[in-house]
Amino acid sequence: MPPPLPPSLPPHLRLRCLSTASHDPPSAARAAEQHCIRLLERSSTSAAVLQSLAFLLKSGLHSNPLVLTRLLASAASAAPALLEPLVAALLSPSVPIDAFLVNTLIRAHATSPLPSARLRAAAFFPLMLRSSVLPNKFTFPFLLKACAALPGSPGVGLQAHAAALKFGFATDQYVSNTLIHMYSCFGGGFLAGARNVFDRMLKSSAVTWSAMIGGYVRAGLSSDAVGLFREMQASGVRPDEVTVLGVLAAAADLGALELARWVGRFVEREGIGKSVTLCNALIDTLAKCGDVDGAVAVFQGMEERTVVSWTSVIDAFAMEGRGKEAVGVFEEMKTAGVPPDDVLFIGVLTACSHAGMVDEGRGYFDSMKMEYGIEPKIEHYGCMVDMFGRAGMVERAVEFVRTMPMKPNSIIWRTLVAACRAHGRLELGESITRNLLNEYPAHEANYVMLSNVYALTQRWKEKSEIRREMSKKGIKKVPGCSVVELDGEVHEFIAGDESHPQWKEIYMMVEEMARELKRMGHISATSEVLLDLDEEDKEGALQWHSEKLAIAFVLLRTPPGTQIRVVKNLRVCSDCHAAIKCISRVYNREIIVRDRSRFHRFKSGCCSCNDFW
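Residues numbered from 1 in each chain as written. Predicted model: local features only at pLDDT ≥ 70, side-chain atom pairs only at ≥ 80, totals over all residues. Heavy atoms only, no water.

Explain the overall build of the chain to me, and be specific about the residues and the numbers.
Along the chain, the regular secondary structure elements total 32 helices and six strands. Referenced to the eigenvectors of the C-alpha coordinate spread, the extents of the chain come out at roughly 105 × 55 × 55 Å. In the chain, which comprises 613 residues, the proportion classed as buried is 48%. With the model as given, the accessible surface of the chain reaches about 29300 Å², and the carbon-plus-sulfur share is 55%. (Helix = DSSP H or I, 4+ residues; strand = E, 2+ residues; numbered from the N terminus. Buried < 20%, exposed > 50% of the residue type's maximum accessible area, 1.4 Å probe, protein only. Areas by Shrake-Rupley, 256 points an atom, 1.4 Å probe, with all protein chains shown as cover.)

If you had to explain the UniProt feature "repeat: PPR" (unreviewed entry) in the chain to someone new, which residues and values would you point to?
Taken from the UniProt record, the annotation "repeat: PPR" (unreviewed entry) applies to residues 205-239, 275-305 and 306-340. Secondary structure across residues 205-239 comprises 77% helix and 0% strand; the distance between its end C-alpha atoms is 9 Å. The annotated region residues 275-305 carries 71% helix and 0% strand content, and the separation between its end C-alpha atoms amounts to 10 Å. (UniProt positions renumbered as here; feature names shortened; annotations may be inferred.)

Let's hear about the packing of helix H21 (residues 342-354) against helix H22 (residues 358-372): which residues, and what values?
For any two helices packed against each other, one specifies the crossing angle of their axes together with the interaxial distance. The N-to-C vectors of H21 and H22 enclose an angle of 160°; their axes lie 8 Å apart at closest approach. By the angle between their directions, the pair H21 and H22 is classed as roughly antiparallel. Taken as a pair, H21 and H22 cross one another with a handedness that is left-handed. The residues of H22 that touch H21, namely those facing Phe345, Val348, Leu349 and Cys352, are Glu360, Gly361, Tyr364, Phe365, Ser367, Met368 and Tyr372. Residue classes in the contact of H21 with H22 are distributed as eight nonpolar, two polar and one charged. (Axes fitted to C-alpha atoms, helices over the stretch in contact; angles between N-to-C directions. Parallel < 35°, antiparallel > 145°, perpendicular 65-115°, else oblique. Left-handed = near helix turned anticlockwise from the far one by under 90°. Contact = heavy atoms within 4.5 Å. Nonpolar A, V, L, I, M, F, W, Y, C, P; charged D, E, K, R; others polar.)

Before we move on, can you summarise the sheet that holds strand S1 (residues 481-486) with the specific residues and values?
The sheet built from six strands is open, its strands ordered S2-S1-S3-S4-S5-S6 with mixed pairing. The sheet terminates laterally at strand S2 (489-494) and strand S6 (606-607), the two strands that pair on one side only. With two bridges joining them, S1 and strand S3 (residues 564-568) adopt antiparallel strand pairing. Pairing of Ser482 across the sheet is with Lys568, part of S3. (Pairing = 2+ DSSP bridges.)

Run through the packing of aromatic side chains, naming residues and quoting values.
Following the criterion strictly, the structure yields 18 aromatic pairs and no others. Ring centres of Phe345 and Tyr372 lie 5.7 Å apart, and the angle between their planes is 55°; on these two criteria the pair is classed as tilted. Residue Phe345 is located in helix H21, and its partner Tyr372 is located in helix H22; the two are separated by 27 residues in the primary sequence. Geometrically, the ring pair formed by Tyr381 and Phe400 is tilted, given 5.6 Å between the ring centres and 40° between the ring planes. (Phe/Tyr/Trp six-rings, centres within 6.5 Å; stacked < 30°, edge-to-face > 60°.)

Go over helix H5 (residues 80-90) with me, naming the residues and quoting the values.
Taken together, the buried positions of H5 are Leu82, Leu83, Leu86, Val87 and Leu90. Down the axis of H5, the buried set is contained in an arc of 135°. They therefore lie on one face. Across H5 from its buried face, at more than 90 degrees, point the exposed residues Ala81, Ala88 and Ala89. Against the buried residues of H5 lie helix H3 (46-58), helix H4 (65-78), helix H6 (99-110) and helix H8 (124-130). (Arc of directions from axis to C-beta.)

Can you break down the pairing of S3 residue by residue, with the values?
A large share of S3 lies buried, amounting to four of its five residues. In terms of strand pairing, S3 meets strand S4 (residues 591-594) through four bridges, oriented parallel. Note on S4: the bridge partner recorded for Ile564 is Ile591. As for the winding sense of the linkage, the β-α-β connection from S3 through helix H32 (residues 574-586) to S4 is right-handed. (Right-handed = clockwise from strand over helix to strand, strands pointing away.)

Laid out in structure tokens, this is it:
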């Protein structure tokens, strides 16, 4: 007779224990269970998982929750495609449900490479509740991670948070860390929820700080991420690799070169392991901050390189317009025997596009399929359209779009419109833009492009109608924003903004710059100013563009000869491009501007792009 069970034991566990006590499995069944578990532990391929499944079914272990748990865990790691069919076939009402099994189901689905499996992960938590199985502290990190991956369904995550509170696990450090991650994945509107969880925690772990820093980066609040990192240092918590990756992402977004270099020195000083992932991130960050040579030095010092490492260096040269060097790295990679992937070819084609290397670009595009069996994607076709357009080959770009094997997307059409504007094909550009407006009526870029076409042709009435249409639909043009890093601080400027503490001095400096430019004979390119103003007012509107405010600020705050670095969220307009060339000569400064497309290095009145942009 087995000993009496404790009265406090939950009913489902009492039944399980009574069942086990009343029907001790014979030694043969126990041996079969152990043998099946050993088979599953060694199952590293789909075939091995299926062999283990065959033994499981033959031995009558299909209702054994321990064996099923091990089977699902093995399938998740070795054969993801088998996971859902196995669940559908084996998870019957006769299978006893316990927390270990459900946790494994949630985790296996949440970490699956298959989107369909990830979408199902959170659905197993209700199964646990319906089966009267209590969740434990391991349940909620898996569940919340699954909720974070649900697109457009924050309600499920809020319910999961409520359940964690109800069962008393919301204050567990691992659960809280995952809550921060989940809320930050839901977007900026939920970031306050992440910060609320963060502020209530005992922040002794680097994981907690990293989760919140990563949340700020994902929300586009990179300055806040850097500020929080400084708080972390002041609190005495040692950053780990994940923290460093988050800070590097913030530095890349801000173009904060000094911060990026400091992080590189910090990694060396603190002995943080320089994994391939971290080195790749450092290469990418230094390149996006304008230090291509520093990025190449990191690459050359790597003991192990992946295709991502090579891609990062090629992208670095591409952003600088150094096409020949980018192609040289690609050829070096081929010699090293590293097979390229489709992402790397985007970098190579972009490099050829920015350097005007049309023949080379066409050759690499053709080689994708012929030499490497890589089917070009729409992004590769977009690179080719951009390449032809920049080179003034508008007709060839149009023909290329017409012969594409897939339907062109809005990005390709807008690229074609930009080429039409740059090379005087305004009628064609207008026609394409009108078609874009019909197909994508909510996208502000299409309205702005058509408005600018009307401005170039001095059709002010039509231009005003487009602006009214935008206003009626509540569509607003994205404001120009420029960022500079100075003495460890990041300063942000928006066109016409007066929020900076030194805005009066900055505006006086801008006016001085305008006088100097006029003295040199610079004439503002007023044709694309967004309002129908007289020439003097148009020049004034151009004068307060965000990059000019940023440059004026740095001129005020730094000694002669200091390099100026600006990061802009939009492409530099033609007037600012011409004006900055003159500013670099008047004030004897090297001015580096990173727009959303590439780097421009202005020095002595010239730009590194050779006006090929």
